[in-house]
Each structure stands twice: as C-alpha cells, then as structure tokens.
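Spelled out, the chains give:
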Amino acid sequence: MKFKLLVFLVLLSNLTFSQFDIKWSAKQKAFYEIQENKILKTDLSSGQNLDWFTGFLDKKLEIKDFVLSENEDMALVYTNSKKVWRYETRGDYWFFDTKTKALKQIGIGLPASSLMFAKFSPDGQHVAYVSEHNVYVEQLSSGKIKKLTDNSKNKRIINGTFDWVYEEEFDCRDGFRWSPDSKCIAFWQIDASTIRDFMMINNTDSIYSYNVPVEYPKVGQAPSGAKIGVVDIKSGKNTWMQIPGETTQNYLPRMDWNGSKLIVQQLNRRQNHSKVYEVDPKSAQAKVILEEKNTTWVDVNTKWDEEKPSGWLLQENGFMWISEKDGYRHIFKEENGKETLITKGNFDVMEPAGIDKERGILYFYASPENATQKYLYSVNISENEDAKRVTPMNQPGTHMYNISKDGKFAFHIYSSHDQRYVYEFLNLETGKAMGKDITSQLKKEEGQDLSFFTIKLDDGTSLDAWMVKPANFDPNKKYPIVMSVYGEPAAQTVVDRWGTGMNRLYDGNMAADGYIYASIDNRGTPAPKGAAWRKAIYKNIGQLNIQDQANGLKKMMEMFPFIDASRVAVHGWSGGGSSTCNLLFQYPNLYQTGIAVAAVANQLTYDNIYQERYMGLIDEGDKEFFVKGSPVTHAKNLKGNLLYIHGTGDDNVHYQNAEMLINELIKNKKQFSMMAYPNRTHSINEGEGTIEHLRGLFTKYLKENCAAGAR
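Keep in mind that what you see is a predicted model, and the values were worked out from it rather than measured.

Scoring rules and cut-offs
- Numbers given for residues are sequential positions, taken from 1 along each chain in its written order.
- Selection of residues for local features in this predicted model requires a pLDDT of at least 70, selection of side-chain atom pairs for listing and counting requires 80 or more, and totals for whole chains, interfaces and linings are taken over all residues.
- For side-chain calculations, the full set of non-hydrogen atoms in the structure is used, while hydrogens and water are omitted.
- Per-residue confidence from the prediction method is given by pLDDT, with values spanning 0 to 100.
- Note on definitions: a residue-residue contact is assigned when non-hydrogen atoms from the two residues lie within 4.5 Å.
- Stacked, tilted and edge-to-face are the three classes assigned to paired rings of Phe, Tyr and Trp, where Trp is represented by its six-membered ring and a pair needs centres within 6.5 Å; plane angles under 30 degrees give stacked, over 60 edge-to-face, the rest tilted.
- Only runs of H or I of at least four residues qualify as helices and only runs of E of at least two qualify as strands under DSSP, and these elements are numbered from the N terminus.
- Burial here depends on accessible area, computed with a 1.4 Å probe over protein chains only, as a share of the maximum for the residue type. Under 20% is buried, over 50% is exposed, and the range in between is partly exposed.
- Salt bridges are counted wherever a side-chain nitrogen of Lys or Arg sits within 4 Å of a carboxyl oxygen of Asp or Glu.
- Put plainly, a pocket is an open set of points on a 1 Å grid over the protein atoms alone with protein on both sides within 12 Å along at least five of seven lines, a cavity is a set where a 1.4 Å probe fits but cannot get out, and a lining residue has an atom within 4 Å of a point.
- Grid points are joined across faces, edges and corners, and a volume is the space filled by probe spheres set on the points.
- Each residue gets one of three labels, nonpolar for Ala, Val, Leu, Ile, Met, Phe, Trp, Tyr, Cys and Pro, charged for Asp, Glu, Lys and Arg, and polar for the others, Gly among them.

A few words on the confidence of the model for the chain. Close reading of the predicted structure is inappropriate where its pLDDT is low. Scored by pLDDT, the chain has a mean of 94; 97% of the residues are at 70 or more. Scored below 50 in pLDDT, residues 1–19 makes 57 contacts in the model with residues more than four places away or belonging to other chains.

Below is the structure:
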C-alpha cells in the first residue's frame, strides 16, 4: 500500500540518481559513484576525479551498482539486472581487481541474471551470493563454486533472501551475512510451504492466458516460517540457531553479526512484542538481551545502515536502538546490561543518519518544532547533553545527509516547497562546505502560491496542511478544491520539500486552470509528533483517518470561504486510493468527486504483516475493525462521481479489490467509472503510453466532474 515518490522527486530536481547513491571510502577522504557507465573515484581534498573502473565501455553492459572489498582494491560490478517485485535485485556480477586489472564474471554456470546480493568475505578471498533461492560461495583465486544450501526437494524453501511479504513490509531483501572471520555465513531461511499462491492472470502476453502465482499471505494467514542458519564455508556444515518460539507465529525481521555472536530480533505475530536475542553460533543457544512490549505495535523498520538494514547500531560492548517506550521515538544505548537514553526531550528522532566513532558523535534527523520539515542533529553519546542542530537555521525545509563511514563528511541535499534540490559536500567537523556551498545556490522558485498552515479540530487535534491557490486568485470568488490524500501509517503528504503541491497525474497546470490543490495529514501518519499521534490509528484505519480528513476539510471551508463546497474532489493512490473511496462513501455530502488508484477496497485481502500490525488479528476477535474500515462496507452510500483505476497485474494490492468493489457498487445500483490497465503493476507505469494515458484520463475526468475556474 506504499507508493514511493523518490523517482518523481528526482525527476523534478536537477539531481541524478548517482548523486544520491555515492559510496564513501572507508580508507580515504574520497567517494565512488557511477557516471556515464564508469565508476569514478573522487578525492575530497583535491577534488580530483579518477576513472576507477571503465571495464564495461566495450561490452555493452550497463553498470547498475557495485560492491567494494574491505580494502577497496576489488569490486563486484552489477549488471543485467532484473526485477524481483519492486526492485532490480537479481542480475549478473563481474569481479574486478584494480591491481591486475582482471575482469571476470562470477557465478559461471548459474542462470543468467540470477545472482543476488553478492559480497566479498572480509578477508577478500571469497564471494558469496544467492541464486534461485540458494546461497553459494565462490573462491576468487580458483573460481571454484560451492553450493551451501539446497532447496531441490522443496522449491518453497527460500535461502538467503525473502518472500514477497518480508520484502514489502520489513524491507528485507539481502538475507545473508559474512562472519567477521570469513569462516561462516549466517542466513535466513524462509519456509513458504504453507503460504497459498495468489493467482494473477496475464491476458496480454500470449494468445492463451496464464496464471502468475505470488506467494502472498493475506490477513488471517499464518506467516512463513523463518529461521537462521550458520554454515561453515569450508565443510559446508549448517547449524540452525535455536531461537525459541513457533516459527509460523513469529517474525525474524533483523539479524547481524556482533563480533563472534549473532544478534537477532524476533517479533510476535501481533507485532507488539519484540525480543532481541544474542545467539552463540557454536552452541546455537539464544538468550534475550532486550525486550519491549507495546499495546499497539513495535516499529522495527528503523535503518542504521542502508546497505544492510538493521534495527540497531552495533558497538563494541553493546548496541543502540530506537524505541517509543517513553512516548517519543528516541535512541537508547545498551551497554553491558545498562540502558541509557541518548536523545532526551519531547521530540521524535525521525531516523538515524550516521556516527563519528572517534569523536563519539551520533547524527540523527529530527524537527521538534515543525513536523513537515527534516533537519540533522547531533549528540555526544557519552556525555549527558542535549542534542544540537547541525543544519543551518536559515534553510527551512527538508535535508538529507549521506554521511561517510567515519562520520567526518557528508553529501548534503536540501530542498523545500519553493527551492529545488541543491547540494554540497560538507566537513562535519568544521561545519564548512568543501567547494561550492548550498548558500550560494539558493534560489526561490516562482510559480505556485503554496502555503502551509495548521487546522484545529473541535477535539483539540492539530492537523498540518498545505494549499496551492489558483493563479490570478481573487478571494471574493469561489474555487473548486482538489484534495490529495494518503492517510495511512506508511507516508506523510504534508512535507516541506521540492515537489510538494505538484500533481504528477494532472496533464497541465492546476493553478492556471483555476483549481485549489491541497492536502492534510491526519492522525496515524508517520509525522514526528509523538507516539500517541502515530498510534491513534491502531484498529482505526478507514475510520479515524477518514474522520480527520473530513473534519479537516470542513474546518478549511470555515477558514477559507473562497472554497466552493459544491466542487470538492479527492484523489489518492494505494492507501490513498482506499482513503479516497472511504471519503466518498462515508462523507457523500462533502465530497462530490473521487479518483482512486489501486485501492485496498477490502482490508481482508491485503498482506498479513502490514494489515495485522495496524488492525489486529481476526482469529482473536479483531475482524470487525477490518470490516468497518473497508471501502466495500460503505460503497452503498456513494452519491457522487467515482473513477476507479487499477492494474490487473498488481502483485501488491491485488486486482480482486477492484472486482469486489465493483460488485458491491453494482449490487447497490451505483453508477461509476472504471479503468483497468492490463497487466500493469501497482505503479501502473509499464508499457508504451501508459503514463500519458493515465494522466489524460485523470485530467479529463476531473475537469468533466469538478469544473475548473472561479465563480
């Protein structure tokens, strides 16, 4: 149900993907990046660029990514990538040695474009990777390949990577870790044997249709069994770690090495009880070293390392983790059995950003005064002090910092609603830019009259919102309003960054055509406003968020009398599509027109991890909450104009949602419009002409049913 906007935001800016994806050197003041199908190495001190790898220029192979060895004298270059659901995580890898200039493909004999997550052993002697759900190790000197796992007797066994739902909801993809001594590999094994296939139908790629099965555990279905194995690469002997608990009633979302031991997080089926185990790989025995319970859910999606998502930052004598147990998202340190709060105050840590171990400085994102913005803060780990803001005070908006491995430097990116993306390389010790700084690049963009404001509901709740007024605005006239909505725990819409207020689905200029464009963030969205704000939506998706959106719009109409109450439209995608339907159905006298894309019409059809996290377990008496919050329950109330859009090849929110909703509307004799995009996925961007067609459809329907212009 999450629709990510990174691609759109980059396209709107003057940045390239490679500038987001620089890789910092761990040995020098330098970074690596992909430019023009070459890997460049840039020295920060001199600014000198070196063509570090040009080996594909004559092979007609595109560099998609690369992995460096610990000494940075070797690389694994990734190419011929293919999608595994959302991301291109399988492909081919080539080994490059900077000393000998040798370039050779690894995994010879395995299927083309089947290798995943290849990485060097710490000693640089081997490479490990996954192919067709098995873990392999390859000796670099000889090219000898050894298969470490075998799922030939049961293809539903997944080694070293994950099934659909772990990938989608826990952000788990890379499913194995080298031991620090290079002797062993710890890996996840997912047993999807009990998970039923959801059958999508492909009607377009052959004369006879065929099924596309997706191992997809829906609400009420027990999770895939998960366990952790440690395999010796020399002998091939595997030992299963003895983590207590029924494997099909618990999740294992995080695992890593901490010295010679493993650290593993276990989450119960309801996702409100987290246990962190220290596991001895020799004895396979596990002991609990951290435990947390919550009356709603425990959030485990924190990333400390983009290259291998972990729920903690490991240190020599312990680790740091994020918890909401005091009412805010805060960073705690666990060291030799002693717990210490690192970030103190009535504010949320949005996410960790990096660490300077030498100086003992931890970097993180926060915005204590304004939940629509994002800034870098720092705190001394060992001293009892308040956090300090690193981001300059004169740069309001959203900031991102790609911090070097030693915490000394950062690639700093800044934008706001009226400032395109600009960037600089920053020395974090001095606070000075290295070369061209951001201040010299600032230029306010003209063109849209966007303002942020706060809506106060009758119960005292404050909602953040933005509004773009029409061009040539006359406050004495009435204008149609189009609301952009998401409303679920996966995303905010009211954020002060470049791209906010721009509708990628509208073919033209909404302001020039005479529309007000606006958005509200309701309770339950992941805004940094405290745990009570985020957890208010527990068992309330499709109810509380819909009430907040509708009540917020009513207050807007009181605040801004130029809003035409007879011309109100709403649109959203995925969870926003669900909200769009619910707003039309539950408040039919407030919203006249809705355009819903890829909506979850029936919450019982969505995956177990996401939906059960926020709504409970149906076999423990919580089914009524799923039903109350589902658009199909309220479809009989439709009065206005609905355009429903869905891709028939959507592996995330299945097309069955469209058909269930259609049936309910037909049963109640409700007229509506419908567009099915054959064999398109959740993003509906595949195929020639698709995006242009979708934009044209959206725009035409809006103009015909919510007329533009002042009255």
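On to the packing of aromatic side chains. In total, this model carries 36 aromatic pairs according to the counting rule given. Seen from their ring centres, Trp52 and Phe96 are 5.8 Å apart, and the 80° between their planes marks the pair as edge-to-face. Here Trp52 is found in strand 4 (residues 49–53), whereas its partner Phe96 is found in strand 7 (residues 87–97), with 44 residues between them in sequence. Neither residue differs from the other here; Trp52 and Phe96 are each classed as buried.

Across all of its chains, the model carries 41 salt bridges by this definition. With its nearest N and O atoms 2.2 Å apart, the salt bridge here joins Asp171 to Arg173. Between Glu278 and Lys287 there is a salt bridge whose closest N-O contact spans 3.7 Å. The exposure class assigned to Glu278 is partly exposed, which follows from its relative accessible area of 24%.

When you line up the elements, Arg177 lands in strand 14 (residues 176–178). C-alpha of Arg177 to C-alpha of Asp256: the two residues are 79 residues apart in sequence and 6.7 Å apart in space.

On to empty space enclosed by the protein, then. Taken as a whole and assessed by the stated rule, the structure comprises 3 cavities of 30 Å³ or more. Taken as a whole, the largest cavity holds about 220 Å³ of empty space. Contributing to the lining of the largest cavity are 20 residues, with Glu292, Val298, Asp299, Trp321 and Ile322 lying nearest its centre. Those elements that place two or more of their residues in the lining of the largest cavity are strand 22 (273–279), strand 23 (286–293) and strand 25 (318–323). When its residues are assigned to classes, the lining of the largest cavity shows 8 nonpolar, 6 polar and 6 charged. Here the second largest cavity defines a volume of roughly 60 Å³. Along the lines of polarity and charge, the residues of the lining of the second largest cavity split into 4 nonpolar, 8 polar and 1 charged.

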